[in-house]
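Spelled out from the first residue to the last, the chains are:
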Amino acid sequence: MTDNATRDQGSVQRVDWDTFQAAARSAGRVLPIEQSPVWQAFDEAVEGRAPWGRLLYLSAQGRPLALLSLTEMRVRGLTYLWARHGPVWLTGEPAPEQERELRRLLVAGLRLHAPHVVFVRVHATHPAEDLHELLQTMTYDRTVVLDLDVPDDEALLASFKARGRRDVRKALRNQEITHHDETGRADEVFDELYEVLTETGDRDGFRPAPKSSYLAMLHALGPRHARLYVARHHGGRALAWSLVTVHDGEAMRYYAGSTQEGRRLRAADALVYREACWLRSEGVRRYDLMGVDSPRVPELAGVREFKSKFVQDGPVDVPGAWDVPVRPRLHAALVRAARLKRALVDRLRDTVGRRGGERGE
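Predicted model only: the values in this text are computed from it and were never measured.

Conventions we followed
- Residue numbers restart at each chain and count upward from 1, following the sequence in its written direction.
- With the structure being a predicted model, the display of local features is reserved for residues of pLDDT at least 70 and the display and counting of side-chain atom pairs for 80 or more, all residues being used for whole-chain, interface and lining totals.
- Working from all heavy atoms in the structure, the side-chain values ignore hydrogens and water.
- In this description a helix means any DSSP run of H or I spanning at least four residues, a strand means any run of E spanning at least two, and both kinds are numbered starting from the N terminus.
- Working definition: with a 1.4 Å probe on protein chains only, accessible area under 20% of the residue-type maximum means buried, over 50% means exposed, and in between means partly exposed.
- Any pair of nitrogen or oxygen atoms within 3.5 Å is treated as a polar contact; in protein, a donor-acceptor pairing is required on top of that, and neighbouring residues in sequence qualify only through side-chain atoms on both sides.
- In what follows, residue pairs with any heavy atoms lying within 4.5 Å of each other are defined as contacts.
- Each residue carries a pLDDT value, the predictor's own confidence for that position, ranging from 0 to 100.
- What counts as a ring pair is set by centres within 6.5 Å for rings of Phe, Tyr and Trp (its six-membered ring), and what kind of pair is set by the plane angle: stacked under 30 degrees, edge-to-face over 60, tilted for all other angles.

Q: So what's going on with the side chain of R253? Which residues, and what values?
A: Its location among the elements puts R253 in strand 13 (residues 250-258). Judged by its relative accessible area of 9%, R253 is buried.

Q: Tell me about the side chain of T200, residues and numbers included.
A: By the secondary structure assignment, T200 is in helix 6 (residues 186-204). Its relative accessible area of 5% is what places T200 among the buried residues. A distance of 2.9 Å separates a polar side-chain atom of T200 from the backbone nitrogen of S258. Once residues within four sequence positions are removed from consideration, T200 is found in contact with F206, A256, G257 and S258.

Q: Break down the confidence of the model for the protein chain for me, citing the residues and quoting the values.
A: Taken as a whole, the protein chain shows an average pLDDT of 92; of its residues, 93% reach a score of 70 or greater. Below a pLDDT of 50 lies the segment residues 3-7, which in the model reaches 15 contacts outside its immediate sequence neighbourhood of four places, other chains included.

Q: I'd love a proper account of the environment of V38, names of residues and values included.
A: Looking at where V38 falls in the secondary structure, it is placed in helix 2 (residues 38-45). Measuring from C-alpha to C-alpha, the distance between V38 and R232 comes to 30 Å, with 194 residues separating the pair along the chain.

Q: Residues and numbers for the packing of aromatic side chains, please.
A: For the structure on display, the rule yields 14 aromatic pairs. Look at F160 and Y273: their rings are 6.1 Å apart centre to centre, the planes differ by 85°, and that puts the pair in the edge-to-face class. In this pair, F160 sits in the loop between helix 4 (153-158) and helix 5 (162-173) while Y273 sits in helix 9 (residues 267-281), placing the two residues 113 residues apart along the sequence. Between Y229 and W278, the ring centres sit 5.2 Å apart and the planes meet at 45°, which makes this aromatic pair tilted. You can see Y229 sitting in strand 11 (residues 226-233) and its partner W278 sitting in helix 9, a full 49 residues away along the chain. On the accessibility criterion, Y229 (1% relative accessible area) is buried.

Here it is in structure tokens:
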């Protein structure tokens with residue numbers, strides 16, 4: 001992508017995994033799991049997506065500045081690219097002009113070499129005119145990260161807010177709740193866990209992905225990089241569970257669900273603590289609970305109270321995802337269509353609600 005995607009400011013080059021990882025190591029940067037070779041097997045396992053390639057952003061003097069690994073996503077005949085938790089900047093937090101220049105070079109290269117791509121989804125720290133809200137799905141730009149680099153499990157518990165320590169201790173005293181690593185039993189237990197996730201989605205207002213997506217993630221990443229943790233009632237019915245990714249000393253609580261009974265018993269409180277203890281024991285240093293609300297994403301307000309009690313200092317800001325049009329006219333048409341669809345769905349929901357109220361339902 002270098003021939004027509006260059007300017008005095010720098011260039012973008014397509015590279016192999018060895019070059020990609022060597023640049024990260026030289027800069028002392030830990031790659032997010034989605035920007036590592038580990039993720040490629042997952043991309044290859046899910047229908048409608050595939051690894052697209054890895055890019056290195058260089059300064060005019062040839063200094064490596066950023067990395068991004070892109071996944072090709074195909075939805076209803078349209079194609080876009082997604083650099084999940086990328087670019088990875090090798091020189092600390094980028095300046096606004098560095099982010100803009102990387103995106104300019106990226107779009108120019110895609111128009112030349114991949115004109116079928118409608119937009120590219122990247123993460124950014126600084127607002128800019130070329131950044132658009134996501135066409136579908138939800139991002140986050142604020143999260144809660146547990147520091148697991150502590151001497152023992154008691155020190156970990158002591159690092160929680162007072163409310164968090166109280167809720168975890170109360171849940172741990174309940175001997176009816178047991179906690180398990182069920183990674184090796186995923187195929188056997190996931191039907192039950194998916195029902196829990198569906199209940200969670202009905203309660204919290206989201207629609208889960210197909211069950212096959214979660215199993216594909218567990219199978220493709222393997223037990224070294226993906227864990228399935230479950231809280232159960234006397235070892236029987238599931239009360240809460242989580243799917244956790246692990247990579248290079250960092251873990252992320254990617255997906256989680258709980259039943260109404262599990263919420264009442266605070267099963268998830270104790271499960272988060274148990275997970276953190278297990279992860280700490282194997283050398284994980286940071287545990288990201290993945291997303292709370294912010295002015296940009298107020299929809300996540302419901303999880304802030306739960307996640308924030310596990311840290312003293314509160315949430316931290318992170319780069320959120322944005323869509324950058326490669327084919328602006330087509331992207332604009334898709335945005336208009338999505339808005340119309342949402343308006344129609346909202347109108348239908350309001351109509352059904354009014355009719356239900358008139359019938360006394």
